[in-house]
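Spelled out from the first residue to the last, the chains are:
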Amino acid sequence: MSFLLPLGLLALLTLPIIVVLHLLRERRRRVAVPSLMHWQHLARRQTAERVRRLPLTLLLLLHLLAATLLGLALGRPQIAGRAGGARQLAVVLDLSTSMATREGESTRFAQAQQRALALLRSLGPGDSATLLAAGTRARVIASGGPADLARLNAAIDTLEPGGTGADLAGALTLAEAVFAGPRRRAIVVLTDGGPTGAPLPSAIGAALDWQQVGTPQPNRAIVALAARAWGANVQVYARIANYGAPAFDSTVTLYGDDRALGTRAVALAPNGETELTWTLPAAYAHLRAALNGHDSLPQDDEAQLSLAQARPLTILLVSARPDGLRRVLAAVPDAQVTTRDPAGYQPAAGAPGAALTVFDSFLPGEWPAGATLAINPPAGSPLLEVAAQLHPSAGELSRRSPLFAGLGLDGVSFGPLRQVALPGWAETLLAKGGAPLIVRGRVGTHEIAIWSFDPAATNLPNRLAYPLLMARTVRDLTPPPLPQSVQAGLPLTLRPDARAAELRIAAPGGRQTTRDARPQLTLDDLTQPGLYQIEERAAGASLFRSQLPVNAGSALESDLRPQPAPSIAQAPNQPATAERQLVALWPWLALGALALLLLEWGYIHR
């Protein structure tokens, strides 16, 4: 036992004072008798003998006990409690695709959920638990103690497996970060495989319980599906893998726009792979390959591709002499060009407007909602500070962007230039003799490029580089098309239309989410295989809608054979046994003293 406030023990000095008071009280007690005659024949006691005799009464005992308890309570005593006291528990659940493998009537992930729930039910008073999900990135799901058991259980129920790889290293780092205080620290990892991301630490400051979930199972999967244009046709490539000891014979069926195009027999050697190719007319927007796998992970028996990911591009050309620019803009793939005279130009009010507006020798009072290419901007605009024209001095072209890679611009005579003061939001991509020729930047959501020269006053229209330079500038200003497919769980960075206000995303299971549009948006929750519907919207109208296939098959997730548990040492500062908890005694002592005083009061007033 130890005392937090030893000076409080000075209160025990009241014990002899209580004894003295009781002695004095005993000496001076008065008793009324009818006569003193009978005391005359008694032997007299010495005065000292009367003083030394302590009157052992119940009141004295009660007072001494009460004073003793109060004195000890003021010293704030505490004792070491039982070993194995409160603990901090971190439960890491693997969310990778392979955790969806069927195991009898259940799945690996369902088994992991049951183990996690059992761990939560084992929490005792003072314990706390933190739930972590190890998907393609690690994150904390919920935390709490025994009183929060319902909330923790609900958090586990919301999880579902999906995604390539499990960030177990990140989960362990997060688990150690949430630990605090001297309580015991324990981490339980529920996974069916080994580490798949960053290397795991060699040691951690907690007791680690690495629990393997699931049993070894053979699996077959489509681990790759791709297509490329080949003249008027499309070449399709598929790779099928067998992750198991026995050989496997099966079939693969290819569908084009949900119509079966053919079935191929495949013979898979033990732990082997095979490749298939098809040549199809370029008439299909969507391809799907299905393997008759007969295994416990059907998610990777199918793969899809979208061949219609072209993005329509509406271009508004505002020019008083639009013929030359219209021809070169119309050569940009998927572009639809309309023209307007500067005198008739009005910003689109309440409507999205064009995806790209090209201003030729003209600037409006404000940037339009979409992307903008300003060619030969005039002076006097509130948007740009433009001085008089100048002729570029001789010198080398300074190329500061991969946009100009392979373009033959060295012999181009750029003619008179507009002296554009470089805005703070822009940078020079192409310059000659210190004079900027092409400037690029972003103001809010406005993607802007400025050509300080007039192409019609140069020899550029006579060169092959001109349509290439225009096409690259347009594609740099406008969002690229979606990829043909993505791997489940891998983050996808999108650049939505500059006019978009929000993105609506519908997952294969029907779950819909809406996000605010930003110049760059990363989607890291494409974890379920299937077709995602992605729609960009502005002013209540749809700007762009497309399908994005997400495939689950991969060499990382389709191999269901068990991986050995990693070797991670327990850090030296982690106690091998549980720390003992210190328990404060003063409340119990104070209550005991109060009980004695109540007893004393009842004894006096009985």
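In this text the structure is predicted, and so the values were computed from the model without any measurement.

What counts as what
Residues numbered from 1 in each chain as written. Predicted model: local features only at pLDDT ≥ 70, side-chain atom pairs only at ≥ 80, totals over all residues. Heavy atoms only, no water. Axes fitted to C-alpha atoms, helices over the stretch in contact; angles between N-to-C directions. Helix = DSSP H or I, 4+ residues; strand = E, 2+ residues; numbered from the N terminus. Parallel < 35°, antiparallel > 145°, perpendicular 65-115°, else oblique. Left-handed = near helix turned anticlockwise from the far one by under 90°. Contact = heavy atoms within 4.5 Å. Nonpolar A, V, L, I, M, F, W, Y, C, P; charged D, E, K, R; others polar. Pairing = 2+ DSSP bridges. Core = buried A, V, L, I, M, F, W, Y, C linked by side-chain atoms within 4.5 Å. Buried < 20%, exposed > 50% of the residue type's maximum accessible area, 1.4 Å probe, protein only.

A. Examining the packing of helix H3 (residues 58-74) against helix H9 (residues 586-604) more closely. It is at 8 Å that the axes of H3 and H9 come closest, and there the two elements cross at 160°. When the axes of H3 and H9 are compared, the pair comes out roughly antiparallel. Crossing handedness for the pair H3 and H9: left-handed. Contacts between H3 and H9 involve Leu58, Leu59, Leu62, His63, Leu65, Ala66, Leu69, Leu70, Leu72 and Ala73 from the former and Trp586, Leu589, Ala590, Gly592, Ala593, Leu596, Leu597, Leu599, Glu600, Tyr603 and Ile604 from the latter. When its residues are assigned to classes, the contact of H3 with H9 shows 18 nonpolar, 2 polar and 1 charged.

B. The sheet that holds strand E3 (residues 87-94), seen in detail. Pairing is mixed in the open sheet, where 5 strands are placed in the order E7-E6-E3-E8-E10. For this open sheet the edge positions go to strand E7 (138-144) and strand E10 (207-212), each flanked by a neighbour on one side alone. Taking each pair of neighbouring strands and ignoring which way they run, the sheet shows an average axis angle of 20°. Looking at chain direction, strand E6 (residues 128-134) and E7 are connected through 6 bridges and run antiparallel. Following the sheet pairing, Ala129 is matched in E7 by Gly144. Against the sheet, helix H5 (residues 149-157) touches E6 and E7, its axis set at about 155° to E7.

C. The arrangement of the nonpolar core in detail. By size, the foremost hydrophobic cluster in this structure holds 38 residues, and its most contacted members are Leu373, Phe404, Leu409, Ile438, Trp451 and Met470. Elements that contribute at least two residues to this core include exactly strand E18 (313-318), helix H7 (323-330), strand E20 (356-360), strand E21 (371-375), strand E25 (426-432), strand E26 (435-443), strand E27 (446-451) and helix H8 (465-477). The element that contributes the greatest number of residues to this core is H8, accounting for 7 residues. Within the second largest apolar cluster, 24 residues are counted, among which are Leu120, Ala155, Val188 and Leu190.

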